Amino acid sequence: PKTMVVKIGSSTLVDSDGQIRSEFIADLARQAARLRELGWNLVVVSSGAIASGAPLLGFHTRPTDMPSLQACASVGQCVLSAAWDEGFQSSGLISSLVLITRHDTARRASYLHARDALTRLVELGVVPVVNENDTVSVDEIRFGDNDTLAALVSCLVSADLCVILSDIDGLYTANPSLVPDAEFIPVVTRIDASIVEGAGDSSGAVGTGGMITKVQAARILMTAGIPSVICSGAEPHVLERLATGEAIGTRFE
Ligand code: ADP
């Protein structure tokens, strides 16, 4: 069987008041069940721990100090994992929680342990839900973003495809919310300076800046020979359609 890694951003998983979008999770779990019939295993990289924990601790906006962020992550990870567990159970699947820190992939021995554990889970038919261990990963030991984590997990499990679901349908020549005539890029075979600039690295673009980490993840994956796709999480049946070769979003290969 083939293996797909799907990364889901906070904005797709958690709505603006911190509520987990359980309907999205239920739909993704149904897709995971159908992927299995198509001969694909799935590994999920899930953001959203801090966003779903913050309101439970009375924060109306995301806190800025590290201990509060760690506390939010710790609380949020529990409710988020419970939501994933419930979603997969409803589709007859077993999920598991894998929390990873950068140390786990930087040191050879722990890299191999992480690889063996994930590989075995997938072999056993489990859908691992991976997140950075935000509660203990501070500053320099953080991946910083789950896009990079998704790329590393894809390498760990020798994925056949890495899908990054976002709130936008793919990569454009510039941020379309700032540059109205930005053009959609369906396929990227080389990440050059214009791609990096358009994704918001050196342009000093304000706001999310979320595309640059996705492009960097795609670069890691291209080096590893693993194709990746950036597309919208709102696209119906997106994982099954990608598994059957449909062209959706921006493909890096
Ligand atoms: P997520 O939470 O899904 O990880 P982000 O919100 O961090 O996603 O990043 C996606 C956002 O990046 C888009 O909604 C868009 O506003 C912005 N963006 C910046 N540059 C680009 C670009 N070149 N192409 C597409 N989107 C871009």
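Residues numbered from 1 in each chain as written. Predicted model: local features only at pLDDT ≥ 70, side-chain atom pairs only at ≥ 80, totals over all residues. Heavy atoms only, no water.

## Description of the overall build of the protein
Stage number 1. Check the secondary structure of the protein and you find ten helices and eight strands.
Stage number 2. Radius of gyration (C-alpha) of the protein: 17 Å, near the 18 Å computed for a compact globule of 253 residues.
Stage number 3. Taken over the C-alpha atoms alone, the protein extends approximately 45 × 40 × 40 Å along its principal axes.
Stage number 4. When burial is assessed residue by residue, the protein has 51% of its 253 residues classed as buried.
Stage number 5. A total accessible area of about 11,800 Å² is found for the protein, and carbon and sulfur atoms account for 53% of it.
Stage number 6. Charged side chains in the protein number 18 positive and 29 negative. The centres of these two groups are separated by 6 Å. (Helix = DSSP H or I, 4+ residues; strand = E, 2+ residues; numbered from the N terminus. Rg over C-alpha atoms; globule rule 2.2 N^0.38 Å. Buried < 20%, exposed > 50% of the residue type's maximum accessible area, 1.4 Å probe, protein only. Areas by Shrake-Rupley, 256 points an atom, 1.4 Å probe, with all protein chains shown as cover. Lys, Arg positive; Asp, Glu negative; His and termini not counted. Charge placed at Lys NZ, Arg CZ, Asp CG, Glu CD.)

## Here we look at the side chain of Thr250
Stage number 1. Along the polypeptide, Thr250 turns up in strand 8 (residues 250–252).
Stage number 2. A distance of 2.7 Å separates a polar atom in the side chain of Thr250 from the backbone oxygen of Ile185.
Stage number 3. When near neighbours in sequence (up to four residues on either side) are disregarded, Thr250 contacts Asp169, Gly170, Leu171, Phe184, Ile185, Pro186, Val188, Ser228, Val229 and Ile230. (Polar contact = N/O pair within 3.5 Å; in protein donor to acceptor, adjacent residues only side chain to side chain. Contact = heavy atoms within 4.5 Å.)

## Some remarks on the state of the cysteines
Stage number 1. For the structure shown, the criterion picks out zero disulfides.
Stage number 2. Sulfur of Cys72: no disulfide; nearest cysteine sulfur belongs to Cys78 and is 13 Å away.
Stage number 3. Here Cys72 falls in the buried class, since its relative accessible area comes to 0%.
Stage number 4. Just so you know, Cys231 is unpaired, no disulfide at all, and the nearest cysteine sulfur is the one on Cys162, 11 Å from it. (Disulfide = S-S within 2.5 Å.)

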